[in-house]
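# Observations on chain architecture
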Amino acid sequence: MKDYDEVEQNVEQLENELEEVEEELEQEEEGFLECERWRCFLLLITVGGFFGAYTFSVKGGVFCNAQTANIVLFGMALGNMDWSRAAYLLIPISSYFIGTMVSEYLALKIKKYRKLRWDTILIGIEIITVIILGLLPSSVPDQVFQVTINFICAMQFNTFRQAEKVGMATTFVTNHIRQTGSFFVRWLRKRHEKKYLNRSLRHLCMILCFIAGAIFSTFLCAYFKDRAIWGALIFL
């Protein structure tokens, strides 16, 4: 029992030290770039939800903002020996994979030029891409939209990684759901630590913005079909 109490005390001490480090990091908020601000990530994750609903609603019934669902569908297609469906699902998955590699490569290249920032350039690329996709006729295959949106979503996810030094995804919400619950329980255990509640609420806001983007996209798709993609420009 004595050894157990000592271990528990050591764990408590480590938790306190970690909290102190987190507080120091939070105090450095003034030095954040605009692209690292939490409000910027709220807009980006709204776009992520918008793209996911758009491609699922009017562009082939696949999710292009993230690939977990597509991987599951891919596995199901293999299990059902539906080879054409499996090959079809490889299109968005491969595009996402390539987009991640391209963004990583370009970020390192552009970093050499101090007056240029890859994150700013990427937002410009997204805006131009959305405008062009909205101009394409309905006769253009869905795969063109899927590949393109997967590509830019992958680059967005890989580029915008931390909001004010807190890891945050901008194209899906799985981790945000986990973090919302995790930090809320920590706050319940330590009610005096308001930062846990604040962190939980921040992740919750990310989830709500993602849902809002999906709702807005679904509404636009019902009335404007392919042109609905221009709605993403509001948030970009």
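First things first, this report covers the structure right here in the doc. Everything numeric here is computed off the predicted structure, so don't read it as measured data. (Residues numbered from 1 in each chain as written. Predicted model: local features only at pLDDT ≥ 70, side-chain atom pairs only at ≥ 80, totals over all residues. Heavy atoms only, no water.)

## Some details on the packing of helix α4 (residues 83-110) against helix α6 (residues 142-159)
Spelled out, the test is: To obtain each axis, a line is fitted to C-alpha atoms, and for helices this fit is confined to the stretch in contact; angles are then taken between N-to-C directions over 0 to 180 degrees. Strands are runs of DSSP state E lasting at least 2 residues, helices are runs of H or I lasting at least 4, and numbering of each runs from the N terminus. Each crossing gets its hand from how the near helix is turned against the far one by less than a right angle, where anticlockwise is left-handed and clockwise is right-handed. What makes two residues a contact is simply this: any of their non-hydrogen atoms within 4.5 Å. Here the nonpolar group is Ala, Val, Leu, Ile, Met, Phe, Trp, Tyr, Cys and Pro; Asp, Glu, Lys and Arg are the charged ones; every other residue, Gly included, is treated as polar.
Contact pair α4 / α6: the axes reach a minimum separation of 7 Å and the direction vectors enclose 40°. Once α4 is placed against α6, the crossing between them reads as right-handed. Between α4 and α6, the contacting residues are Tyr88, Ile91, Pro92, Ser95, Tyr96, Ile98, Gly99, Thr100, Val102, Ser103 and Glu104 on the first element and Gln143, Gln146, Val147, Asn150, Phe151, Cys153, Ala154, Met155, Phe157, Asn158 and Thr159 on the second. When the residues that make up the contact of α4 with α6 are grouped by side-chain class, the tally is 12 nonpolar, 9 polar and 1 charged.

## Notes on the environment of Gln162
Note the cut-off: To sort residues, take the accessible area from a 1.4 Å probe on protein chains only and compare it with the maximum for the residue type: under 20% means buried, over 50% means exposed, and anything in between is partly exposed.
Relative to the helices and strands, Gln162 is located in strand β1 (residues 162-163). With a relative accessible area of 45%, Gln162 lands in the partly exposed category. With 126 residues separating them in the primary sequence, Gln162 and Glu36 have C-alpha atoms 6.5 Å apart. Excluding residues that lie within four positions of it along the chain, Gln162 makes contacts with Glu36, Phe41, Gly167 and Met168.

## A few points about unusual backbone geometry
Trans peptide bonds make up most of the peptide bonds, and negative phi angles are found at most residues other than glycine. Residue Met81 is not a glycine yet carries a positive backbone phi of 55°. When its relative accessible area of 60% is taken as the criterion, Met81 is described as exposed. Phi is positive for Lys165, which is not a glycine, with a value near 70°. Mapped onto the elements of the fold, Lys165 is located in the loop between β1 and β2 (166-167). Residue classification places Lys165 among the partly exposed positions, given a relative accessible area of 42%.

## What to know about the pattern of salt bridges
Just so we agree on the cut-off: Any Lys or Arg side-chain nitrogen found within 4 Å of a carboxyl oxygen on Asp or Glu counts as a salt bridge.
By the definition in use, this model includes 5 salt bridges. Notably, a salt bridge pairs Asp142 with Lys59, separated by 3.8 Å at the nearest N-O pair. Within this pair, whereas Asp142 is found in helix α6, its partner Lys59 is found in the loop between α2 (38-58) and α3 (68-79), the two being separated by 83 residues in sequence. Here Lys59 falls in the buried class, since its relative accessible area comes to 1%. A single network of salt bridges, built from pairs that share partners, joins Lys59, Asp142 and Asp226.

## As for the state of the cysteines
Rule in force here: The definition used for a disulfide is geometric: two cysteine sulfur atoms within 2.5 Å.
This structure, assessed with the given rule, holds 0 disulfides. Between Cys153, a free cysteine, and Cys64, which holds the nearest cysteine sulfur, the sulfur-to-sulfur gap is 7.2 Å.

## What about the side chain of Asn158?
Where we set the bar: Pairs of N or O atoms within 3.5 Å make up the polar contacts considered here, provided that, within protein, one atom can donate a hydrogen while the other can accept it, and that residues adjacent in sequence are counted only when both atoms are side-chain atoms.
Considering the arrangement of structural elements, one finds Asn158 in helix α6. Residue Asn158 is classed as buried on the basis of its relative accessible area, which comes to 13%. Polar contacts involving the side chain of Asn158 include one to the side chain of Ser103, which spans 2.9 Å.

## Looking at the nonpolar core
As a reminder of what qualifies: Side-chain atoms within 4.5 Å are what join buried Ala, Val, Leu, Ile, Met, Phe, Trp, Tyr and Cys residues into a set we call a nonpolar core.
In terms of nonpolar packing, the biggest core is built from 44 residues, with Phe51, Tyr54, Ile149, Phe160, Met168, Met206 and Ile229 touching the most fellow members. Listed by contribution, the elements that provide at least two residues to this core are α2, α4, α5 (118-135), α6 and α8 (194-224). With 11 residues, α2 is the largest single contributor of residues to this core. Setting aside residues no more than four positions away along its own chain, Phe51 makes contact with Glu126, Val130, Ile149, Ile152, Cys153, Ile229 and Ala232.

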